[in-house]
Amino acid sequence: GLLSEEGSGKESMRVRTLWFGTATLVVVSVLFATVQQGVCTENSSGVMPPPKTGIVPAFAGAARALAPRIRSALASTCRAAPNLARSLVQNPIKKLRGRATTRHGDVAAAAATGLRGTTSSAATSASSNPLLASADFPLYDQVTSEHVAPGMKALIGEAETALGALEARLVKDNYEIKCSEFLAELERMSDRIGRAWGVVNHLKAVKDTEALRNAVEAVQPTVVTFNLKTSQSEAVYRAFKTIMEGPQFASLSPAQKRIVENEIRDAQLSGVALEGEQKERFNAIQQELAKLSTSFSNNVLDSTKAFTVRITKKEEVVGLPASALGLASQTAVSRGDKDSTAENGPWIFTLDGPSFLPVQQHAKNRALRELLYEQYITRASEKTVAKETQMGEIAGAIKDGTVGKRQGLVMLAKRAAQKIGMSEEKSLDNTPIIEKILALKFERAQLLGKRHHADVSTASKMATFEGAMKLMEDLRAKSYDFAVTEMDELKAFAKKQGFEGDLKSWDLTYYAERMREAMYSYQEEDLRPYFSLPRVLDGLFSLVTRLFDVEIVAADGKAPVWDKDVRFFQINRNSQPVAYFYLDPYSRPAEKRGGAWMDECASRSKTMAAAGEVLRLPIAHMVCNQSPPVGDQPSLMTFREVETLFHEIGHALQHMLTTQEEGLVAGIRGVEWDAVETPSQFMENWCYDKSTVDKMAKHYETGETIPVDLWNKVKAAKNYRAGSMMMRQLQFSVTDLQLHSGFQPGGDKTVHDLYKEVAKTYQIQQPLEYDRFLCGFSHIFAGGYSAGYYSYKWAEVLSADCFAAFEEAGLDNEDKVKETGVRFRDTVLAMGGGAAAPEVFKEFRGRDPTPDALLRHSGLAVAAA
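Please read all numbers here as calculations on a predicted model, not as lab measurements. (Residues numbered from 1 in each chain as written. Predicted model: local features only at pLDDT ≥ 70, side-chain atom pairs only at ≥ 80, totals over all residues. Heavy atoms only, no water.)

**Q** Break down the pattern of salt bridges for me, with residues and values.
**A** A complete count under the given rule lists 44 salt bridges for this structure. With its nearest N and O atoms 3.2 Å apart, the salt bridge here joins Glu-181 to Arg-169. In this pair, Glu-181 sits in helix α6 (residues 179-206) while Arg-169 sits in helix α5 (residues 145-172), placing the two residues 12 residues apart along the sequence. A relative accessible area of 38% places Glu-181 in the partly exposed class. (Salt bridge = Lys/Arg side-chain N within 4 Å of Asp/Glu carboxyl O. Helix = DSSP H or I, 4+ residues; strand = E, 2+ residues; numbered from the N terminus. Buried < 20%, exposed > 50% of the residue type's maximum accessible area, 1.4 Å probe, protein only.)

And the structure:
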């Protein structure tokens, strides 16, 4: 009696798998006429959102400046990985992070408009296209899907002309060129296109529409082709080789030397040495991988959006906290239940993280937990049914200008063709996409003379494949017994609570949360009133000032933004601006992808400085998906959301407080992938620092500081189920490494079989038969973490060791804390990619890193003895 048909009135819960209704050619004709007359009254709010597409592969030379677009999209800046994993292991759910939701864009529909755009529109003319504006800050309030194709086409055309001229000059001069001049020319060539493409992809992540997705997919092949031209430019490659092998190399700055070395390595990894059919095949693989990566992301988002549960009876939501019911009521109101209230419902729950996770943690309704768990763990698999955007929604979007007429009519025609069987519906199953991605990456590695993709991935990292596997196994050996004990304790606790039978995956999170409450005598919801977003920002910014001697001040209105809730801030040092950043804090599942990330908007650069200026200042995006305000209350944050915010500002600070003036290695650019999480994970430690907590943990109504006994309980619970959390992350990492090394796609063993095999060694509770976690593992199949997910643990060793320097100085010794903070600022944050990560760490710490601090901070040090 759990599920019922919509409208039956007898059952209180229903699953909405939102299907696109049957349409006829008559309706299509009417819609065409209606759109052209501009009188359509359909609501266009259903034109849905996607993720940031990490479709631009890292490449050498001029394209180097685009590499951080990928890194920060779903990769190194994706905060959701370790910390949401903590909640999913302390409360063990089989998914790494919440995801946004979306309707998939149609490549065929977009291709119909392609790079032709709608050039008759003034909005897409070169003179008025906001993507081509030379403003200090992007014109986020003006850019639409119609600007993408003509804008990127113009910029790529300019860049190709500049590249051709540079190559001709290099050949004429026998590849002899002054290094500083060469680097500046490459940076200028890439910067404008890099910034514009960053704006497009950022909007696709935070303010998406189907039209924008289509526009990006249409332009993507052209962008990839340009990247390949640049990364495989023999003239540019030979010029870098000439510089490195010539007399001027010795006189270069350390940052310039590193750029030269990186560019040569990256060019080789980009196939510059390949010829003929091998190069053609390499380039075809790159194009196909870009498409597959985008399709993977879209499928995850679309499958998340395709499912909701509506509940009308109070007894079926017993146990859920007021915050979760309030969010579910807001969702219900937005979906048509205008009379919904948090107290009386109806309530609608989704697979978006802020909705899904509380159900797993708190809902006494076991059937509801099982339902959402099964849907969540099978997203983007053979079990997923797509949700279609309604034709009326498309028509409404055309009317209000969100979609251009030409593109909208193509979208309508495509929908009509699907309805009458002339066009196939797109599958949302990511399993065949995973198989293709793995096969293509292996083939690409073979073309490059590597054993497998894991060798390609680690060529630009601190660790080797073997070194990464060794660290994972060492940490497993130190954590496994802890995880076994934790599972035994959880089973015993559940039995005492009256549970009978075997704990299932949808039970573990629920009972883990009940056990934590019993052990530490507090509920997570007890903390929310003390962590309102305004107070947390005050405490966070005070900490940044305390550690790094800079000031963060509000600068709202100085730059255009994409949503009314987006904030804009300025960082000052010695009363002078040194950087800026946007903060987009709240979940918007109808248009914004899930997770949390930092991305660059502009890099620090002397080359790109405006006329009369010495430097261009860096600009960052910080994006989270925390609980939004409910009613008159401010956003009341979970403690994990607080940690997420601290994590993301760590990334942003490395980007913004860099002192590198060579734009190609400023901030996060050029930092080894397995070191880039160091400052973000380092900042999380300060969430448990008393001085920091005292400044931000104040009741949003009374101003009362969080009670000492409550805070002591929070600190005591810090390492709750730490062994299980460690094992979960190790399972992800080893699965990733094995998929990209020894696994053979198309054989008797599927990717899901391998996932379950790894779990036998790295998990206590084994995955269910239908588990399709890999189908939603965007980090490695749509982000930058393929054969690199281990980087979270690798960087955690570095970050824990860095924080240990503050512990050794004395966290209560304010002078020593400030002194150590300035040293951290001037090394880890300032040096960026201008020096190798091991050198940067040793410059700060005075020695090589060890895992001792990580084990101690995780409560696992006893096992190391």
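**Q** Give a detailed account of the side chain of Glu-600, specifying residues and quantitative values.
**A** Relative to the elements of secondary structure, Glu-600 occurs in strand β7 (residues 597-602). Only 2.7 Å separates the side chain of Glu-600 from the side chain of Arg-669, close enough to count as a polar contact. (Polar contact = N/O pair within 3.5 Å; in protein donor to acceptor, adjacent residues only side chain to side chain.)

**Q** Give a detailed account of the confidence of the model for the protein chain, specifying residues and quantitative values.
**A** Parts of the model with low pLDDT should not have their predicted coordinates read in detail. Confidence along the protein chain averages 84 in pLDDT terms, with 80% of residues attaining 70 or more. Overall, residues 1-124 carries pLDDT values under 50, and its contacts beyond four positions in sequence, including any with other chains, amount to 445 contacts. (pLDDT = per-residue confidence, 0-100. Contact = heavy atoms within 4.5 Å.)

**Q** Give a detailed account of the sheet that holds strand β4 (residues 551-554), specifying residues and quantitative values.
**A** Taken together, the five strands give an open sheet; going across it, the order is β4-β5-β6-β8-β7, and neighbouring strands pair in mixed fashion. Here the strands that pair on one side only, and so sit at the sheet edges, are β4 and β7. Across the sheet, the mean angle separating the axes of adjacent strands is 30° when strand polarity is ignored. Where strand β5 (residues 567-573) lies against strand β6 (residues 576-586), seven bridges are found, and the strand directions are antiparallel. Looking across to β6, one finds that Gln-570 is bridged to Tyr-580. (Pairing = 2+ DSSP bridges. Axes fitted to C-alpha atoms, helices over the stretch in contact; angles between N-to-C directions.)

**Q** Describe the environment of Thr-509, listing the residues and the values that go with them.
**A** Within the element layout of this structure, Thr-509 appears in helix α19 (residues 505-520). What makes Thr-509 buried here is its relative accessible area of 0%. Through-space distance from the C-alpha of Thr-509 to that of Arg-369 is 9.6 Å; in sequence the pair is 140 residues apart.

**Q** An account of the packing of helix α20 (residues 533-548) against helix α29 (residues 814-829) is needed here, citing residue identities and associated values.
**A** Two quantities define a packed helix pair, namely the angle between the helix axes and the distance between the axes. With their axes 6 Å apart at the nearest point, α20 and α29 run at an angle of 85° to one another. When the axes of α20 and α29 are compared, the pair comes out roughly perpendicular. Residues Arg-546, Leu-547 and Phe-548 of α20 form the contact with α29, whose own contacting residues are Glu-814, Val-817, Lys-818, Gly-821, Val-822, Phe-824, Arg-825 and Leu-829. Considering only residue class, the contact of α20 with α29 consists of six nonpolar, one polar and four charged. (Parallel < 35°, antiparallel > 145°, perpendicular 65-115°, else oblique. Nonpolar A, V, L, I, M, F, W, Y, C, P; charged D, E, K, R; others polar.)

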